[in-house]
Amino acid sequence: MKILHFRQFYKHFVFVENPDGGRKKILKNYADVNVCIDMVCGDTKTDFERED
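These figures come from a predicted structure and were not determined experimentally.

**Student:** Could you clarify how one ought to interpret the environment of glutamine 8 in this entry?
**Tutor:** Secondary-structure assignment places glutamine 8 in strand S1 (residues 2-17). Residue classification places glutamine 8 among the partly exposed residues on the basis of a relative accessible area of 39%. In the structure, glutamine 8 is positioned 23 residues away from alanine 31 in sequence and 5.3 Å away in space, judged by C-alpha atoms. Those residues within four positions of glutamine 8 in sequence are excluded, and the remaining contacts are Asn29, Tyr30, Ala31 and Val33.

Dropping the structure here:
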């Protein structure tokens with residue numbers, strides 16, 4: 001589940017592939033940031049209460 005999305009603005013270089021198989025360096029001004037969580041529901045109580 002995505003809980004947050006924003007753009008971090010800063011200049012940085014990225015490499016993209018050309019159609020002929022080479023790479024090209026491009027200057028980008030921002031990066032997209034996504035914050036996600038993976039919620040799992042279940043009975044975890046039984047695993048922690050075991051006494052062997």
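**Student:** Explanation requested: the confidence of the model for the chain in the structure shown.
**Tutor:** Interpretation of this model should avoid reading the predicted coordinates in detail wherever pLDDT is low. This prediction gives the chain a mean pLDDT of 86; 83% of its residues lie at or above 70. Ranking the helices and strands of the chain by mean pLDDT puts strand S2 (residues 23-36) first, with 94, and helix H1 (residues 45-48) last, with 62.

**Student:** What's the story with a nonpolar patch on the surface in this structure? I'm lost.
**Tutor:** A cluster of nonpolar side chains, contributed by Met1, Ile3, Leu4, Phe6, Val35, Ile37 and Met39, occupies part of the molecular surface with about 640 Å² of accessible area. With three residues, S1 is the single largest residue contributor to the nonpolar patch.

**Student:** I would appreciate a short explanation of the side chain of histidine 12 in the present structure.
**Tutor:** Among the structural elements, histidine 12 can be located in strand S1. At 3.3 Å, the side chain of histidine 12 and the backbone oxygen of tyrosine 10 are in polar contact. When near neighbours in sequence (up to four residues on either side) are disregarded, histidine 12 contacts Ile26, Leu27, Lys28, Tyr30 and Ala31.

Rules behind the numbers
- Residues numbered from 1 in each chain as written.
- Predicted model: local features only at pLDDT ≥ 70, side-chain atom pairs only at ≥ 80, totals over all residues.
- Heavy atoms only, no water.
- Helix = DSSP H or I, 4+ residues; strand = E, 2+ residues; numbered from the N terminus.
- Buried < 20%, exposed > 50% of the residue type's maximum accessible area, 1.4 Å probe, protein only.
- Contact = heavy atoms within 4.5 Å.
- pLDDT = per-residue confidence, 0-100.
- Patch = residues over 30% accessible without salt bridge, like charges linked within 9 Å, V, L, I, M, F, W, Y side chains within 5 Å.
- Areas by Shrake-Rupley, 256 points an atom, 1.4 Å probe, with all protein chains shown as cover.
- Salt bridge = Lys/Arg side-chain N within 4 Å of Asp/Glu carboxyl O.
- Polar contact = N/O pair within 3.5 Å; in protein donor to acceptor, adjacent residues only side chain to side chain.

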